[in-house]
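# Remarks on the overall topology
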Amino acid sequence: NNANTTARGLNSGNPDLDPEIGRTYSGGVVFQPVFLPGFNASVDYYKVSIKDAIGSLSQQQIVNLCFAGNQDACALITRTPAGPSQYDIRVRPLNLASENTKGLDIEASYRFNVEDLLAGVNGVFTLRGLATHYISYTVNPGLPGSIVTQRAGAVGLPSWRYQASINYLNGPLSLTATMRGVSSGVVNNNFIECQSACPASTTDNPTYDDIGVAAATYFDLAASY
């Protein structure tokens, strides 16, 4: 009604919160061939789903959702005794979100005596490799018109993390070389997936996945005696 309105945000806890509920599924295989003693490899798949995840809304999100007709959001807004145009907006944790992730964990190692390959040369070599592949990681705020965020492949959660090392041990002498790195990613990997018909406001949240960060690999060397 074009009237000046005063609103204040009240941040608090929520004694009515329910526990988050998670379901985890995983399975894997281990490979230890008899024809290659000292070699081990494994691949594990996992899928985790969390419902009633705890999250919170900003003051502006609460107002926007109430204006759109969301009664749960309207319940967080109350008029104050000071006057009809003054409001309290209660910002507190809610069971409103869901999270889903799935991926792969890969590991391999090989340990052997150098003398088995080169007669007269002592020492033990150990090779090891680790990798994690995030297939997907989505977060759904759980509100009408909300944006489902795909975090896998974005900065902070690259699609691939990997590490490989080689170690030579001979008595008191130890030499180690390590390589670790991450795959390339985008700055923000949001995409729109409305639970109901998309409101016009979602056009203000376009997908932008063309601003990226290059892959990076780091090498470390260590020696001790």
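Refer to the structure printed above.
First, a word on scope: everything that follows refers to the structure included in this document. (Residues numbered from 1 in each chain as written. Predicted model: local features only at pLDDT ≥ 70, side-chain atom pairs only at ≥ 80, totals over all residues. Heavy atoms only, no water.)

Turning to the packing of aromatic side chains, a few remarks are in order. Considering all chains together, one arrives at five aromatic pairs under this definition. Every member of this aromatic cluster is reached through a ring pair, and the members are F31, F39, Y110, F112, F125 and Y168. (Phe/Tyr/Trp six-rings, centres within 6.5 Å; stacked < 30°, edge-to-face > 60°.)

The residue V213 is located in strand β12 (residues 212-213) in this model. Along the chain, V213 and G185 lie 28 residues apart, while their C-alpha atoms are 5.3 Å from each other. Once you skip the residues sitting within four places of it in the chain, V213 turns out to touch V155, S184 and G185. (Helix = DSSP H or I, 4+ residues; strand = E, 2+ residues; numbered from the N terminus. Contact = heavy atoms within 4.5 Å.)

All chains considered together, the criterion is met by three salt bridges. Residue E107 is joined to R128 by a salt bridge in which the shortest nitrogen-to-oxygen separation is 2.9 Å. Separated by 21 residues along the polypeptide, E107 in strand β6 (residues 94-113) and R128 in strand β7 (residues 124-140) bring together distant segments of the chain. Judged by relative accessible area, E107 falls into the partly exposed class, the value being 30%. (Salt bridge = Lys/Arg side-chain N within 4 Å of Asp/Glu carboxyl O. Buried < 20%, exposed > 50% of the residue type's maximum accessible area, 1.4 Å probe, protein only.)

In this structure, D52 takes a positive phi of about 55 degrees despite not being glycine. Since its relative accessible area comes to 31%, D52 is described here as partly exposed.

Attention shifts here to a nonpolar patch on the surface. Together, V29, V43, I106 and W160 give the surface a local cluster of nonpolar side chains, amounting to about 310 Å² of exposed area. Mapped onto the elements of the fold, V29 is located in strand β2 (residues 21-31). Among the residues examined, V29 registers a relative accessible area of 57% and is labelled exposed. (Patch = residues over 30% accessible without salt bridge, like charges linked within 9 Å, V, L, I, M, F, W, Y side chains within 5 Å. Areas by Shrake-Rupley, 256 points an atom, 1.4 Å probe, with all protein chains shown as cover.)

Attention now goes to the pairing of strand β9 (residues 160-170). The side chains of a regular strand alternate between the sheet's two faces. Of the strand pairs in this sheet, β7 and β9 are connected by ten bridges, and their pairing is antiparallel. Bridge assignment links V124 to a residue of β9, and that residue is L169. Where β9 and strand β10 (residues 173-182) come together, ten bridges link them in antiparallel fashion. Bridging from a neighbouring strand, N167 pairs with T176 of β10. (Pairing = 2+ DSSP bridges.)

There is a patch of like negative charges on the surface, built from D16, D18, E20 and D52. Note that E20 resides in the loop between β1 (6-11) and β2. (Lys, Arg positive; Asp, Glu negative; His and termini not counted. Charge placed at Lys NZ, Arg CZ, Asp CG, Glu CD.)

Moving on, we come to the sheet that holds strand β5 (residues 86-91). Taken in spatial order, the three strands line up as β1-β5-β4 in an open sheet, and their pairing is mixed. The open sheet has two free edges, formed respectively by β1 and β4 (77-79), since each of these has just one partner strand. Neighbour to neighbour, the strand axes of the sheet diverge by 25 degrees on average, direction disregarded. Two strands pair when backbone bridges link them, and β1 and β5 are joined in this way by six bridges, in the parallel orientation. Residue pairing for β5: N11 is matched across the bridge by V91. (Axes fitted to C-alpha atoms, helices over the stretch in contact; angles between N-to-C directions.)

Let us now look at the nonpolar core. The tendency in soluble globular proteins is for nonpolar side chains to be buried as a group. Judged by nonpolar contacts, A53, L57, I62, L65, A73, L76, I89, V91, L94, L96 and A97 together constitute the single largest core of eleven residues. Every element with two or more residues in this core is listed here: α1 (59-67), β5 and β6. The leading source of residues in this core is β6, at three residues. Ignoring any residue separated from it by four or fewer positions in sequence, one finds L94 in contact with N14, L17, A53, I54, G55 and L76. (Core = buried A, V, L, I, M, F, W, Y, C linked by side-chain atoms within 4.5 Å.)

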